[in-house]
2 protein chains.
Amino acid sequence: MTVVGNMRESKLAGVALWRRIADEIRLDIVGARLARGQRLPTEAKLAERFSANRHTVRRALAMLAQEGVIRAEQGRGVFVQDARRVFYRIGPRTRFSEGIDGQDRQVRGALMSHAQEHASSEVAKGLDIKPGAPLIRLETMAFVDEAPFSRSTHWFARERFDGIAEAYAARLSITAALQGFGVETYTRHSTRITIRHAEAEEIIQLGLSPGAVLLRAEGIDIDAEGKPIQFLVTRFPGDRVELLV
Amino acid sequence: MTVVGNMRESKLAGVALWRRIADEIRLDIVGARLARGQRLPTEAKLAERFSANRHTVRRALAMLAQEGVIRAEQGRGVFVQDARRVFYRIGPRTRFSEGIDGQDRQVRGALMSHAQEHASSEVAKGLDIKPGAPLIRLETMAFVDEAPFSRSTHWFARERFDGIAEAYAARLSITAALQGFGVETYTRHSTRITIRHAEAEEIIQLGLSPGAVLLRAEGIDIDAEGKPIQFLVTRFPGDRVELLV
DNA sequence: AGCCATTTGTGCGTATGTATA
DNA sequence: GTATACATACGCACAAATGGC
């Protein structure tokens, strides 16, 4: 475990000490892949390690307990509750449910809303259509082990995929929905990965705490002929996911 | 531009309002790729947009000015100083300098330190060698337009690449250094991408502010025969980089 | 049972940081 | 710049639960 220098030096950072301690402990737990049930150092030891007051450490632990990462038992100690990151595979053949497979996890999709709209210049460029062309936008969520795992926005050209919202709602799978439109297979053409902070709505939907960091993946899927099918943006909670390229 | 709901609701988040405002403005600038020299809304307008006091907005702007993202001119306004994200390409053929090319950027590498050590179980697994086998570890940095852009740690099996630290120091290129060992070409076997918070040392080396978020890419390079050559971990400042897969 | 050390949970006082008006 | 309210962080003390002797 790496000890952060003098955490008190950075009071002017705008990030509370208890929050930075929580982030670091979470990293130790999730990053080191500690087993469920394993015991953490005592509050006193953690306080010493971070050169902080025990109250401050307790504030950090309270947050992690709230997140379900740890569980405290009076007189016994603090124990790891859920440690694993979810792996998500990105490659030429990127499918949501397949990306999670082999991890003994339960995956579920949900359609939050859908709308008809017109292509912005960015989406138009990605889908290789004219700006302003009619689109269908799907807002979806995925749950892993019943916990919110990702929020995605999908854009499809309406000319070719009119009715895809209903198809997705019925099957809760993009792959299955696309097969209804004659797309037997598709491949991931490109993916752009960035980081940003969660906005208010995302904090609520993904069950995060304010200031949480998201991993954002923006991708374009193409069919067998190389024609763009889908432009999508997926946001993952930064501390729950590991992308495998 | 997206407005965060009621930012005042999250006082218990452990992240100061001025910090969240700074993060959001930075995102608008960097993410929306505003042009250098473009003017930001007045402090009064920003205060209204974030439902915050002008003092609080000024605090946020002070941080961004400190980072070099914006520049305030008395009586004229606040202007974008440096806006673009650096794109970094990850694929079968991942080379550092090539990853940045075509972006009109100046790239420079540096060797911070090197050491001999023995393989941890994780590195051993990645390099397909025995745990405890002798290794050479390189700690490098890369600068883009003279600003710190990434911190990497490279591991090579000492048996095959003894002297690679000196070779790297002479050429400041992993690709060139490897050619001295008869490796004409190599490919990226796998990459794992995660997020974490910067530690004290990384904050100093990369010129970040406390609480900054890093994008961490862990990769394995293999030679033409499929034998692992290099195990490496690269940390990028989250708000300066965009990974293209 | 009792006793004790360990560990988490709770309360209070104080100083400083954050945000508003 | 000043005044006010709340959040953060610290320090000390003590209560409550656990487990070993």
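Shown above is the structure to which this text applies.
The structure presented is a predicted model; accordingly, all values stated were derived computationally and were not measured.

What counts as what
- Residues numbered from 1 in each chain as written.
- Chains lettered and ligands numbered in written order.
- Predicted model: local features only at pLDDT ≥ 70, side-chain atom pairs only at ≥ 80, totals over all residues.
- Heavy atoms only, no water.
- Least-squares fit on C-alpha atoms with pLDDT ≥ 70 in both.
- Contact = heavy atoms within 4.5 Å.
- Near = heavy atom within 4 Å.
- Polar contact = N/O pair within 3.5 Å; in protein donor to acceptor, adjacent residues only side chain to side chain.
- Helix = DSSP H or I, 4+ residues; strand = E, 2+ residues; numbered from the N terminus.
- Nonpolar A, V, L, I, M, F, W, Y, C, P; charged D, E, K, R; others polar.
- Phe/Tyr/Trp six-rings, centres within 6.5 Å; stacked < 30°, edge-to-face > 60°.
- Lys NZ or Arg CZ within 6 Å of the ring centre and 35° of its normal.
- Buried < 20%, exposed > 50% of the residue type's maximum accessible area, 1.4 Å probe, protein only.
- Arc of directions from axis to C-beta.
- Buried area = accessible area lost by both parts, 1.4 Å probe.
- Salt bridge = Lys/Arg side-chain N within 4 Å of Asp/Glu carboxyl O.
- Pairing = 2+ DSSP bridges.
- Axes fitted to C-alpha atoms, helices over the stretch in contact; angles between N-to-C directions.
- Core = buried A, V, L, I, M, F, W, Y, C linked by side-chain atoms within 4.5 Å.

### As for the relation of the copies chain B and chain A
Once chain B is rotated about the relating axis by 180° and shifted along it by 0.0 Å, it coincides with chain A to within an RMSD of 0.3 Å. Read as a symmetry element, the transformation amounts to a two-fold axis. Identified as the residue of chain B closest to the rotation axis by C-alpha distance is B:Val15, at 2.4 Å. With an isologous cut-off of 70% or more, the 95% of interface residues of chain B that recur at the interface of chain A puts this contact in the isologous class.

### Focus: the protein's contact with DNA strand D
Residues and elements named next belong to chain A. The environment of DNA strand D is made up of 16 residues, and the closest members are Leu-17, Trp-18, Asn-53, His-55 and Thr-56. Among all atoms of DNA strand D positioned within 4 Å of the protein, those belonging to sugar or phosphate total 77%. Note that a phosphate oxygen of DNA strand D is positioned 3.2 Å from one of the backbone N or O atoms of Trp-18. Here a phosphate oxygen of DNA strand D and a backbone polar atom of Asn-53 are 2.8 Å apart. Elements supplying a minimum of two residues to the surface near DNA strand D: α1 (17-31) and α3 (54-67). Class assignment of the residues belonging to the surface near DNA strand D gives a composition of 5 nonpolar, 8 polar and 3 charged.

### Regarding the protein's contact with DNA strand C
In the vicinity of DNA strand C lie 22 residues, with A:Arg54, A:His55, B:Leu17, B:Trp18 and B:Thr56 positioned nearest. Considering the 4 Å shell around the protein, atoms of DNA strand C inside it are sugar or phosphate in 70% of instances. At 2.3 Å from a base oxygen of DNA strand C is found a side-chain nitrogen or oxygen belonging to A:His55. Within the contact set of DNA strand C, a sugar or linking oxygen lies 3.4 Å away from a backbone nitrogen or oxygen of A:Gly75. Only α3, β1 (70-73) and β2 (77-80) of chain A together with α1 (17-31) and α3 (54-67) of chain B provide two or more residues apiece to the surface near DNA strand C. With 3 residues, the single largest contributor to the surface near DNA strand C is α3(A). Classifying every residue of the surface near DNA strand C gives 6 nonpolar, 8 polar and 8 charged.

### Quick word on the packing of aromatic side chains
Residues and elements named next belong to chain A. According to the stated counting rule, one finds 12 aromatic pairs over all chains in the structure shown. Among the aromatic residues, those joined into a cluster by ring pairs are Tyr-88, Phe-96, Phe-149 and Phe-236. In this arrangement the basic side chain of Arg-59 is found over the ring face of Trp-18, its NZ or CZ atom lying 3.9 Å from the centre.

### So, helix α7 (residues 164-171) of chain A
Residue and element names in this part refer to chain A. Among all positions of α7, only Ile-164, Ala-165 and Tyr-168 are buried. For α7, the angular spread of buried residues about the axis comes to 105°, placing them on one side. Residues of α7 that are buried make contact with β4 (107-118), β5 (134-144), β6 (147-157), α6 (158-161) and α8 (174-179). Directly after α7, the chain includes Leu-172, whose backbone phi takes a positive value near 55°.

### Points about the interface of chain B and chain A
Counting residues at the interface gives 41 residues for chain B, matched by 39 residues for chain A. Here chain B and chain A share an interface that buries about 3300 Å² over both sides, 63% of which is from carbon and sulfur atoms. Taken together, chain B and chain A are joined by 2 salt bridges. The residue B:Glu242 makes a salt bridge to A:Arg192 at a minimum N-O spacing of 2.4 Å. Elements supplying a minimum of two residues to the side of chain B that touches chain A: α1, α3, β7 (186-197), β8 (213-223) and β10 (241-244) of chain B. Among the elements that line the side of chain B that touches chain A, the one with the most residues is β7(B), at 8 residues.

### So, the sheet that holds β10(B)
Read from one edge to the other, the open sheet built from 8 strands follows the order β4(A)-β5(A)-β6(A)-β9(A)-β8(A)-β7(A)-β10(B)-β3(B), with strand pairing classed as mixed. Each of the sheet's edge strands pairs with one partner strand only, and the pair in question is β4 of chain A together with β3 (86-89) of chain B. The average undirected angle you get between the axes of adjacent strands in this sheet is 20°. Against the sheet, α7(A) contacts β4, β5 and β6 of chain A, and its axis sits at roughly 170° relative to β4(A).

### Quick look at the side chain of A:Thr194
For A:Thr194, the position within the fold is in strand β7 (residues 186-197). Given a relative accessible area of 6%, A:Thr194 falls into the buried group. Every residue in contact with A:Thr194, bar those within four places of it in the chain, is listed here: A:Leu214, A:Leu215, A:Arg216, B:Arg85, B:Val241 and B:Glu242.

### Quick look at the sheet that holds β8(B)
Ordered in space as β3(A)-β10(A)-β7(B)-β8(B)-β9(B)-β6(B)-β5(B)-β4(B), the 8 strands form an open sheet in which the pairing is mixed. Looking along the sheet, the strands with just one partner apiece sit at the ends: β3 (86-89) of chain A together with β4 (107-118) of chain B. Sheet twist, expressed as the mean angle between neighbouring strand axes with direction ignored, is 20°. In this structure, strand β5 (residues 134-144) of chain B lies alongside strand β6 (residues 147-157) of chain B, joined through 10 bridges in antiparallel fashion. Following the sheet pairing, B:Leu135 is matched in β6(B) by B:Ala157. Packing of helix α7 (residues 164-171) of chain B onto the sheet brings it into contact with β4, β5 and β6 of chain B, and relative to β4(B) it is tilted by some 170°.

### Some words on the nonpolar core
Counting 27 residues, the largest nonpolar core has A:Leu215, A:Phe236, A:Leu243, B:Leu215, B:Phe236 and B:Leu243 as its most contacted members. Not counting chain neighbours up to four residues away, the residues in contact with B:Phe236 comprise B:Tyr88, B:Phe149, B:Ser150, B:Val213, B:Leu214, B:Leu215, B:Ala217, B:Val241 and B:Leu243. Counting residues in hydrophobic clusters, the runner-up holds 21 residues, among them A:Ile21, A:Ala47, A:Ile70 and A:Val80.

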